[in-house]
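Structural overview
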Amino acid sequence: MANILLVYPPEIHFESMTYPAFKCQSLGLYILTSCLRAADHQVTIMDSQVDSFTIDGVIKQIQQVKFNLIGVSFTSQLNYQDARILVKRIRQAGYDNHITVGGHFATFEAKNILLDNPGIDSVICGEAEESIIELANCIDSGGSLIGIKGITINNNGNIIENESRTSIINLNSIPFPARDVITKLVESNDYVQVAAQRGCYGNCTFCSINSFYDFHGVRRRSPKNVVEELESLQYEYGAKKITFVDDEFCDRSKESIEWVKELTSEISSRNLTFDFWIQIRANDFKEEVINPLVNVGLKRVFIGIESMSQNVLNRLKKKVKISDNTYALNLANKMGLETEIGFLMFEPYISFSDLCENYKWISLYEFSEPVHYYSYVIPYSGTPLRKQLFAEGHLIANRWYEIGFYKFIDPKVEVVFKGMQALMPQIRHIEYALDCIINHFHQKENYENISKIMDPCNTKPISTNQEIELFARKSVHNTMSTVFGKYLSVNSDNIKPLIRENITLLNSVSNDLISLKKTLEPNNGK
């Protein structure tokens, strides 16, 4: 039996605003933990997405317990540096047993990672459930790692790519995730993650899903298998909120519609009651697909709109029409679903006229968020877009692991983008204050001291939590629309005065939101 530590590293390399706590497991670690425990290995999890700890906390753990194997997960290159620093510190602390890493970025850059990090012994590529068990068994028995499918190893300085491992077709064969931290999630009224399927039938240029799996398409767990896990979460742990982390929960195919019917029937027959959240493509958001889900607790949806320019949608290979986006949003509103959208204001090849189309729509969309005004396509490793940008010489990266940056083909777009980037510190403060206000209602449900809050005209008190939240959202929406709109009418020579003007405006709104936040805080004025 091997003694194993699985870690999702704490964020140390990138500076970021501290947002209100939203705990979100690194679900993959818990699935691997369950697999390893089923194979009679002992596993400890340290998940920075749920628990607050530092690198020193990890070092203390490995000094107290002798681990045969440490596994470090990093899903993207955004947190590769965190993992890199963590591994270096672990080695400096004297740990001399095996360290393996895994995740999407690790899969795409296995050779580079091993060459860059002498302290890492292996990289698990692709789905890790079967590979990590074989790796743990070999380490426990002292066997050779050469020949274990799905891993790339550093064999005394020689990088060896073992044979790739095929995707797991029968997802029912994977045990339910370990629920080591579920009590903490339930007590804080956070969502508990569930994975019902893997893969996507799409082939968007900015997505790496199909590069990660060797299976192009969707593999689903059986409805009964999914509901058995949901039943366990509700009756054993008291979970009331579920988020399905699937990239595409369901689609409009006959197979998927039948799967949804069976799933919802199972949920109803077991009298399960919980709220849940799914992600779905706009062209799959149809009444016959969604209605059965609403009837059993669907409350929130994330819809990948991406753009309101058909030229951009075509270039991203979304295979959707603007009318699909509009229909999906209207239907979600009609059904009373809380809706979040994926929206990319900028992409490398966007023309100024297409950018204006995006702006025109988002400025009228009442549920827009600040991120929608500055979001841009990120060329992650493993995406077709990154390969294209490199091939055309548009992507600039100083180091192999950096995401890098690109210049926009249209110089007028470049001016607007740089103008928005100059405002990021102020926008982050606004996002933080707005999140605090929303979090106040959604988490604590503390509605005291709100009768004193007045609307902008000071004509009537805003007396409900919904009114306060809508007032805050609308204020931010109008401000972001104004700021962005100003940039569309200037050239590069006049951008600096406008940046200063926009900073003043954003600071004013930020101060208003902070004052509103303080009004809502417990014991205010006492």
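**Observations regarding the sheet that holds strand β12 (residues 275–281)**
If you walk across this open sheet you meet the 5 strands as β8-β11-β12-β13-β14, and the pairing is parallel. The open sheet has two edge strands, β8 (192–194) and β14 (338–343), and neither has a second partner. Taking the axes of each pair of neighbouring strands and ignoring which way they run, one obtains an average angle of 25° across the sheet. Relative to β12, strand β11 (residues 241–244) is paired through 3 bridges, and the arrangement is parallel. By the bridge assignment, T243 is partnered in β12 with W277.

**Let's talk about the pattern of salt bridges**
All told, the structure shown has 26 salt bridges when counted by the stated rule. Put simply, R165 and E130 hold a salt bridge, and the shortest N to O gap is 3.5 Å. Of this pair, R165 sits in the loop between β7 (158–161) and α7 (182–187) while E130 sits in helix α6 (residues 129–141); the two residues are 35 residues apart in sequence, bridging distant segments of the chain. A residue is classified by how much of its surface remains accessible, and E130, at 35% relative accessible area, is partly exposed. The partner of R270 in a salt bridge is E231, and the shortest N-O contact between them spans 2.9 Å. With R270 in the loop between α10 (254–269) and β12 and E231 in helix α9 (residues 223–237), the pair connects residues that are 39 residues apart, well separated along the chain. Of the residues examined, R270 reaches a relative accessible area of 18% and is grouped as buried.

**Remarks on the packing of aromatic side chains**
For the coordinates displayed, the defined rule picks out 24 aromatic pairs. Seen from their ring centres, Y80 and Y401 are 5.4 Å apart, and the 50° between their planes marks the pair as tilted. Residue Y80 is located in helix α3 (residues 80–92), and its partner Y401 is located in the loop between β15 (395–396) and β16 (405–406); the two are separated by 321 residues in the primary sequence. Classification of Y80 by relative accessible area gives buried; the value is 1%. The exposure class of Y401 is buried, given its relative accessible area of 9%. Aromatic pair F244 and F276: ring centres 5.7 Å apart, planes at 90°, arrangement edge-to-face. Of this pair, F244 sits in strand β11 while F276 is found in strand β12, placing the two residues 32 residues apart along the sequence.

About the criteria used
Residues numbered from 1 in each chain as written. Predicted model: local features only at pLDDT ≥ 70, side-chain atom pairs only at ≥ 80, totals over all residues. Heavy atoms only, no water. Pairing = 2+ DSSP bridges. Helix = DSSP H or I, 4+ residues; strand = E, 2+ residues; numbered from the N terminus. Axes fitted to C-alpha atoms, helices over the stretch in contact; angles between N-to-C directions. Salt bridge = Lys/Arg side-chain N within 4 Å of Asp/Glu carboxyl O. Buried < 20%, exposed > 50% of the residue type's maximum accessible area, 1.4 Å probe, protein only. Phe/Tyr/Trp six-rings, centres within 6.5 Å; stacked < 30°, edge-to-face > 60°.

Function cannot be read off these values alone, since they describe shape.
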